[in-house]
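Letter by letter, the chains look like this.
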Amino acid sequence: MTALEPVSSRSPRKVIEQMRIPQDLIGKIAELHQRFLLRKPNGWRVHLKDCDLSGLDIRNLNFSEGQFVNCDFTGADLEDARFVDADLFSACFDRANLTRTNFTGADLRGAQFDGAELSAATLDGADLGLGVVFRHGKESSLKQSISSFRNANLRGTNLADAKLAGASFEGAELSGVNMQGADLRDSNFSGAKLVDVSLQRANLTDADLRAAIMDDATAKHADSVLGAKKARKAPLAARLEQILNDHLLWIQSDRRQGLRADFSEMYLAGFDLSGRILAGAKFERAILSDANLSGTILAAADLRGAVLVRANLRGADLRGADLRGADLREARQDDALIGTLVGTTLATRRE
């Protein structure tokens with residue numbers, strides 16, 4: 001078992017590198033590591049580097065203070081596992097089950113959590129900043145990455161005081177997350193759902209919240225944070241009606257009168273725009289989650305990067321519309337018209 005470090009050893013640390021760890025070995029490693037944690041004789045501290053632990057059953061195991069540098073946990077089941085103060089530098093947890101996993105104080109710089117299940121996980125005080133790994137040998141390489149939670153479920157997760165500068169939360173579920181005191185500078189929340197999120201004392205300088213889906217309480221708190229990039233507020237009812245009328249005139253006069261509607265980066269979640277004529281309107285990076293757009297004329301509209309999660313697009317005219325980068329998760333698109341707009345060369349674009 002030369003891959004582990006004995007408690008009393010004064011010899012240089014021995015490390016397992018670039019090895020596939022089988023299921024029957026992980027339990028034995030955990031037993032010896034537990035002896036290390038209890039400071040019992042013959043205890044060994046786990047130290048793995050560039051190892052493959054993908055798909056393993058690691059439920060309830062305690063690897064606190066262990067070292068798993070640049071290891072791959074893709075698709076592994078780590079429910080209720082403990083990695084308190086562990087070194088997980090640049091580890092990959094894509095699509096892993098991390099329900100109630102405890103990462104308190106762990107080094108997770110550059111770690112990846114894309115599509116992972118992190119419900120009720122604890123990352124209190126963890127470092128999830130930029131990670132850089134240099135590989136030596138014939139094919140030396142440099143790997144630099146930011147922590148990523150793309151499309152991950154972090155419902156009820158504790159991220160208090162975590163270091164998350166530059167992290168990506170694109171499309172993540174963040175309901176009930178505690179981010180009090182977290183360093184969220186330059187973080188990207190495009191398409192992320194933030195409901196009942198605690199942001200007290202959080203540093204949101206240059207954090208991109210323009211395409212985030214937020215409940216009123218979270219949005220109100222975010223509005224009070226200086227330095228964050230936020231979506232434009234929606235106009236009041238009277239002003240919205242004027243914008244829609246001006247746009248209709250712009251269309252009917254062949255752009256000679258009126259004014260083209262510009263809803264770019266505007267927060268329109270839940271708005272009812274059903275049946276409206278908004279051909280050619282600008283909705284770039286607009287928040288239209290849960291909006292009613294049924295029967296709406298959106299031909300040739302600019303919807304690039306728009307958030308249309310759960311939007312009702314039934315019967316909408318999307319011919320010639322630009323939907324590149326738009327988030328259409330759970331959007332209803334029954335009977336929506338797509339394809340080339342008659343009399344033009346414009347076609348519906350999605351990629």
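Just so you know, these numbers come straight off a predicted model, no measurement behind them.

So, how was this worked out
Once a new chain begins, its residue numbering starts again from 1 and follows that chain's sequence as written. Where totals are concerned, whole chains, interfaces and linings use all residues; where local detail is concerned, this predicted model gives features only for residues with pLDDT of at least 70, and gives and counts side-chain atom pairs only at 80 or more. Excluded from the side-chain calculation are hydrogens and water; included are all heavy atoms of the structure. To qualify as a helix, a DSSP run of H or I must reach at least 4 residues; to qualify as a strand, a run of E must reach at least 2; elements of each kind are numbered from the N terminus. Throughout this description, buried means an accessible area under 20% of the type-specific maximum (1.4 Å probe, protein chains only), exposed means over 50%, and partly exposed covers the range between. Counting of polar contacts relies on pairs of N or O atoms within 3.5 Å, with two restrictions inside protein: one atom must be capable of donating a hydrogen and the other of accepting it, and residues adjacent in sequence are counted only when both atoms are side-chain atoms. Should any heavy atoms of two residues lie within 4.5 Å, those residues are considered in contact. Multiplying one less than the number of residues by 1.5 Å gives the expected span of a helix. To obtain the arc, one takes the directions from the helix axis to the C-beta atoms. Definition used for salt bridges: Asp or Glu carboxyl oxygen within 4 Å of a side-chain nitrogen of Lys or Arg.

Things to note about the side chain of Thr 296
Okay, step 1: Looking at the secondary structure, you find Thr 296 in the segment after α3 (237-252).
Okay, step 2: Relative accessible area serves as the criterion here: at 0%, Thr 296 is assigned to the buried category.
Okay, step 3: Of the polar contacts made by the side chain of Thr 296, one reaches the backbone oxygen of Leu 273; its length is 2.8 Å.
Okay, step 4: If near-sequence neighbours (up to four positions away) are discounted, Thr 296 is found in contact with Leu 273, Ser 274, Gly 275, Arg 276, Leu 278, Ala 316 and Asp 317.

A few points about α3
Okay, step 1: Its 16 residues place the ends of α3 23 Å apart at the C-alpha level, agreeing with the 22 Å of an ideal helix rising 1.5 Å per residue.
Okay, step 2: Considered for burial, the residues of α3 that qualify are Leu 240, Ile 243, Leu 244, His 247 and Trp 250. The buried residues of α3 all sit within an arc of 120° when viewed along its axis, so they share a single face. For α3, exposure combined with an orientation more than 90 degrees from the buried face picks out Ala 238 and Gln 252.
Okay, step 3: Looking one or two residues past α3, Asp 254 carries a phi angle of roughly 55°, positive in sign.

Brief notes about the pattern of salt bridges
Okay, step 1: Counted according to the given criterion, the structure contains 27 salt bridges.
Okay, step 2: The partner of Asp 161 in a salt bridge is Arg 201, and the shortest N-O contact between them spans 3.7 Å. Of this pair, Asp 161 sits in the loop between β6 (141-145) and β7 (193-194) while Arg 201 is found in the loop between β7 and β8 (208-209), placing the two residues 40 residues apart along the sequence.
Okay, step 3: Given a relative accessible area of 40%, Asp 161 falls into the partly exposed group.

Considering helix α1 (residues 23-37)
Okay, step 1: Taking 1.5 Å of rise per residue, 15 residues should cover 21 Å, and α1 covers 22 Å from first to last C-alpha, within 8% of that figure.
Okay, step 2: Looking only at α1, the buried set comprises Leu 25, Ile 26, Ile 29, Ala 30, His 33, Phe 36 and Leu 37. Mapping the buried residues of α1 onto a view down its axis gives an arc of 140°, with all of them on the same face. Across from the buried face of α1, at angles greater than 90 degrees, the exposed residues are Asp 24 and Glu 31.
Okay, step 3: Just beyond α1, the residue with positive phi is Arg 39, at close to 55°.

Details of the side chain of Thr 348
Okay, step 1: By the secondary structure assignment, Thr 348 is in the segment after α3.
Okay, step 2: A relative accessible area of 18% means that Thr 348 is categorised as buried.
Okay, step 3: Within the local environment of Thr 348, its side chain forms a polar contact with the backbone oxygen of Leu 318, the two atoms lying 2.7 Å apart.
Okay, step 4: Among the polar contacts made by the side chain of Thr 348, one reaches the main-chain amide nitrogen of Gly 320 at a distance of 3.4 Å.

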